[in-house]
Amino acid sequence: MNIYDIAKLAGVSIATVSRVVNDSPLVSEKTKAKVRKVMEENNYTPNVFARGLGLGTMKTIGIVCPDVADAYMAQGVAFIERNLRESGYDCILQCSGKNPEDAKAAVTNILNKKIDALFLIGSFYMFNGDNDPNTDYIREAAKNVPVFLINGYVEGQNIYGALCDDKAAVEQAVNLLISEGRKHILFLYNTDSHSSRLKREGYIEALNAAGLPVDENLFFFARPGIEDVKRDLLMTCPKEVDGIFATNDRLAAGALKYARETGISVPEDLSIIGYDNSEIAISCEPELTSVDSMCETLCRINIDSLLGLLHGSVPDAKTYTKGILVRRASTKL
């Protein structure tokens, strides 16, 4: 039983429940009595969030991501921390790694810090979808604090997600490679996250629409480091490859180093597209064409959702944005 359940049963807003918890003079005695009766009947004990909601007393937000060294996640952490700090809130960060049990432990640990809301960055926390039983620990966390996912969503009350349409974005990127006449396009990836699986679907749909075969030999799993990607490609990259879509810019940068090492001209003989439009994309030579996955936009949506809750509104549970293909010198068009 949480503040949302009490509000629904009492027929009032969550902000009104919070005001009743804090004995605010802005609520009539009749409404206070009705809400308190519902609370007593359901043995409801208000948490910190319920006490602070709408009263400007929230001070600490928890942020969990798999690895802050990842460019996408670092960007998200920095944006959330900076904007919440400007609004008077402190943040606590915990890195969970990509082991499911470690993710659960990280969320438990940060909840023990008495945070007032939780941000999870990355689709990793969805595991195999928004109803996966492995995400039950997130639903449990949401019984105590509101949970906000960046590029992810888990079905449940008090959980909010903002997502980039990764599948459509990759379909657009691969279509660009196809329009250049590329027929042997490598799908370069280094994780089996929910986002990576959606990207794979977009890649396959683009090939199918163009009448190109889906060749299992063109799905290439590489280690995450830029030099490691280069070495992995040098060892086993199919020679016929004339286009590469990489699921992040770090992998794409490794592909560029592979091309330079082998004397392959980019983009004349090989076109490369990355993902996330990170600083890495403009630090390469040639600069990388990359999909902007709108990380800051997703963070802003969730921050606005949190601030909306403070004022008594309940935001949409799930919000989608479109990725933008940013064209640079690693592709012809």
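In this report, the structure presented in the accompanying data block is examined. (Residues numbered from 1 in each chain as written. Predicted model: local features only at pLDDT ≥ 70, side-chain atom pairs only at ≥ 80, totals over all residues. Heavy atoms only, no water.)

## Section: the overall build of the protein
The helix and strand inventory of the protein stands at twelve helices and twelve strands. With the principal axes as the frame, the protein shows a C-alpha extent of 80 × 35 × 35 Å. The proportion of buried residues among the 333 residues of the protein is 53%. Within the protein, residue pairs in contact and separated by at least 24 positions form 72% of the contacts whose partners lie at least 6 positions apart. Here the protein has roughly 14,500 Å² of accessible surface; of this, 49% comes from carbon and sulfur atoms. Computing the positive centroid from 36 side-chain charges and the negative centroid from 44, the protein places the two 5 Å apart. (Helix = DSSP H or I, 4+ residues; strand = E, 2+ residues; numbered from the N terminus. Buried < 20%, exposed > 50% of the residue type's maximum accessible area, 1.4 Å probe, protein only. Contact = heavy atoms within 4.5 Å. Areas by Shrake-Rupley, 256 points an atom, 1.4 Å probe, with all protein chains shown as cover. Lys, Arg positive; Asp, Glu negative; His and termini not counted. Charge placed at Lys NZ, Arg CZ, Asp CG, Glu CD.)

## Notes on the state of the cysteines
By the definition in use, this model includes zero disulfides. Of all cysteine sulfurs in the structure, the one in Cys 295 sits closest to Cys 164, which takes part in no disulfide; the separation is 10 Å. Residue Cys 164 is classed as buried on the basis of its relative accessible area of 3%. Looking at Cys 237, it has no disulfide partner, and the nearest cysteine sulfur is the one in Cys 284, 17 Å off. (Disulfide = S-S within 2.5 Å.)

## Side note on the environment of Tyr 275
Relative to the assigned elements, Tyr 275 resides in strand 9 (residues 271–275). A residue is classified by how much of its surface remains accessible, and Tyr 275, at 1% relative accessible area, is buried. For Tyr 275 and Leu 325, which are 50 residues apart along the polypeptide, the C-alpha to C-alpha distance reads 8.8 Å.

## Here we look at the sheet that holds strand 8 (residues 243–246)
Strand order in the open sheet formed by six strands is 7-6-8-9-10-12, with mixed pairing between adjacent strands. Only two strands of the sheet have a single partner each, and these edge strands are strand 7 (219–221) and strand 12 (324–326). For this sheet, the mean angle separating the axes of adjacent strands, direction not counted, is 20 degrees. For strand 6 (residues 185–189) and strand 7, the ladder comprises three bridges, and the chain directions are parallel. For Leu 188, the partnering residue across the bridge sits in strand 7 and is Phe 220. The sheet contacts of helix 11 (residues 249–262) involve strand 6, strand 8, strand 9 and strand 10 (289–292), and relative to strand 9 the element is tilted by about 155 degrees. (Pairing = 2+ DSSP bridges. Axes fitted to C-alpha atoms, helices over the stretch in contact; angles between N-to-C directions.)

## Let's talk about helix 6 (residues 100–111)
A rise of 1.5 Å per residue sets the reference length of helix 6, with its twelve residues, at 16 Å; its end C-alpha atoms lie 17 Å apart and thus fit the reference within 8%. Those residues of helix 6 that fall on the buried side of the exposure criterion are Ala 103, Ala 106, Val 107 and Ile 110. Buried positions in helix 6, seen along its axis, are confined to an arc of 95 degrees and lie on one side of it. Residues of helix 6 that are buried make contact with strand 1 (60–65), strand 2 (90–95), strand 3 (117–121) and helix 7 (136–141). The N-terminus of helix 6 is capped by Asn 99, whose side-chain oxygen sits 2.8 Å from the backbone nitrogen of Glu 101. (Expected span 1.5 Å × (residues − 1). Arc of directions from axis to C-beta. Polar contact = N/O pair within 3.5 Å; in protein donor to acceptor, adjacent residues only side chain to side chain.)

## A look at unusual backbone geometry
For the peptide bond that leads from Val 266 to Pro 267, omega is 10 degrees, which places it in the cis range. On the secondary structure map, Pro 267 appears in the loop between helix 11 and strand 9. In this model, Asn 151 sits at a positive phi of 55 degrees, which is unusual for a non-glycine residue. Of note, Asn 151 is situated in the loop between strand 4 (147–150) and strand 5 (159–164).

## Looking at helix 9 (residues 194–210)
Since there are 3.6 residues in each turn of an α-helix, residues three or four apart along the chain are aligned in direction. The terminal C-alpha atoms of helix 9 lie 25 Å apart, and with 17 residues this matches the ideal 24 Å at 1.5 Å per residue to within 8%. Burial in helix 9 covers these residues: His 194, Ser 195, Ser 196, Lys 199, Gly 202, Tyr 203, Ala 206 and Leu 207. Buried residues in helix 9 make contact with helix 8 (166–179), strand 6, strand 7 and strand 9. Downstream of helix 9 by one or two residues, Gly 211 has phi in the positive range, about 75 degrees.

## Description of the packing of aromatic side chains
Within the structure shown, the criterion is met by twelve aromatic pairs. Judged by centre distance (6.5 Å) and plane angle (70 degrees), the ring pair of Phe 127 and Tyr 137 falls under edge-to-face. A residue pair is termed long-range when its members are at least 10 positions apart, and Phe 127 in the loop between strand 3 and helix 7 and Tyr 137 in helix 7 qualify at ten residues. Comparing Phe 127 with Tyr 137, the two get one shared label, buried. With a centroid separation of 5.7 Å and 40 degrees between ring planes, the pair formed by Phe 187 and Tyr 189 is classed as tilted. Since its relative accessible area comes to 0%, Phe 187 is described here as buried. The structure contains a cluster of three or more aromatic residues connected by ring pairs, namely Phe 187, Tyr 189, Tyr 203, Phe 219, Phe 221, Phe 245 and Tyr 275. Here the guanidinium or amino end of Lys 199 rests over the ring plane of Tyr 275, the centre of that ring lying 4.0 Å away. Residue placement shows Arg 200 over the ring face of Tyr 189; its charged tip is 5.1 Å from the ring centre. (Phe/Tyr/Trp six-rings, centres within 6.5 Å; stacked < 30°, edge-to-face > 60°. Lys NZ or Arg CZ within 6 Å of the ring centre and 35° of its normal.)

## Quick look at the pattern of salt bridges
It is possible for side chains bearing opposite charge to pair when their charged atoms get close. Under the criterion given, the structure shown has 18 salt bridges. The residue Lys 167 makes a salt bridge to Glu 205 at a minimum N-O spacing of 2.8 Å. Placement of the pair is Lys 167 in helix 8 and Glu 205 in helix 9, with a sequence separation of 38 residues. The class for Glu 205 is partly exposed, based on a relative accessible area of 34%. Linking Asp 228 and Arg 231 is a salt bridge whose minimum nitrogen-to-oxygen distance equals 2.9 Å. Linking Asp 228 with Arg 231, this pair stays in helix 10 (residues 226–236), spanning three residues, or about one helical turn. On the basis of relative accessibility, which here comes to 40%, the residue Arg 231 falls in the partly exposed class. Where salt bridges share partners, they join Arg 223, Glu 227, Asp 228, Lys 230, Arg 231, Asp 232, Lys 257 and Glu 261 into one cluster. (Salt bridge = Lys/Arg side-chain N within 4 Å of Asp/Glu carboxyl O.)

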